[in-house]
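Geometric and topological summary
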Amino acid sequence: MGFKDKRGRVVLQQGQVMRLGNGNLQHLICREGTIWVTQDGDVRDVILNAGQCMMLDRSGVFVLSAFTPAQVVLRDRAVPLKVHRGLAPLVRRILEFSQAIFA
């Protein structure tokens, strides 16, 4: 079975499946290999290759399945609290754009 370390790294061998909870909305980044991702209550299935990412946009359970040996990183999508006032509108637009792409 695959494992998840403290830094959010998931390592899966070919054919392994891992079921994880999505307490905080997160970005999922495929660092190595090819994985299949599905989220509870979502009709979409996503296949990610190394270098690709997606946003987990639903709370609940999601499942990772490795087509090849894979390494995946889960990142909290929290935004830093301190943003220079002049940059705040730009940061907001970038976040809105990225959410629209991964929706």
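Attention in this report is confined to the structure presented alongside it. In this text, all values refer to a predicted model and were calculated from it rather than measured experimentally.

Describing the overall build of the protein
Along its length, the protein carries one helix and nine strands. By the burial criterion, 34% of the 103 residues in the protein qualify as buried. A separation of at least 24 residues holds for 63% of the contacts in the protein among residues at least 6 apart in sequence. For the protein, the accessible surface area stands at approximately 6800 Å², while carbon and sulfur atoms represent 56% of it.

Observations concerning the pairing of strand β6 (residues 45-49)
Judged from the five bridges that link them, strand β5 (residues 34-39) and β6 form a sheet pairing that is antiparallel. In the sheet register, Val37 faces β6, and the bridge partner there is Val46. In this structure, the hairpin formed by β5 and β6 is closed by a connection of five residues, where Gly41 is found at a positive phi of approximately 80 degrees.

Thoughts on the nonpolar core
If you look at soluble globular proteins, the nonpolar side chains tend to sit buried side by side. By size, the foremost hydrophobic cluster in this structure holds 17 residues, and its most contacted members are Val10, Leu28, Ile35, Val37 and Leu64. For this core, the secondary structure elements donating two or more residues are β2 (9-12), β3 (17-22), β4 (26-32), β5, β7 (53-56), β8 (60-66) and β9 (70-76). Once you skip the residues sitting within four places of it in the chain, Val37 turns out to touch Leu28, Arg44, Asp45, Val46, Leu48, Met54, Leu56, Val63 and Leu64.

Here's the deal with the pattern of salt bridges
Tallied over the entire structure, the rule returns one salt bridge. Arg44 is the partner of Asp42 in a salt bridge, and the nearest nitrogen-oxygen pair spans 2.6 Å.

Describing the side chain of Asp42
Following the sequence through the fold, Asp42 ends up in the loop between β5 and β6. Relative accessible area serves as the criterion here: at 10%, Asp42 is assigned to the buried category. Residue contacts for Asp42: discarding those within four places in its chain leaves Asp57 and Arg58.

Examining the environment of Val46
Take Val46: it is sitting in strand β6. Ignoring sequence-local partners within four residues, the contact set of Val46 consists of Ile35, Trp36, Val37 and Met54.

Each value, and the rule that gives it
- Residues numbered from 1 in each chain as written.
- Predicted model: local features only at pLDDT ≥ 70, side-chain atom pairs only at ≥ 80, totals over all residues.
- Heavy atoms only, no water.
- Helix = DSSP H or I, 4+ residues; strand = E, 2+ residues; numbered from the N terminus.
- Buried < 20%, exposed > 50% of the residue type's maximum accessible area, 1.4 Å probe, protein only.
- Contact = heavy atoms within 4.5 Å.
- Areas by Shrake-Rupley, 256 points an atom, 1.4 Å probe, with all protein chains shown as cover.
- Pairing = 2+ DSSP bridges.
- Core = buried A, V, L, I, M, F, W, Y, C linked by side-chain atoms within 4.5 Å.
- Salt bridge = Lys/Arg side-chain N within 4 Å of Asp/Glu carboxyl O.

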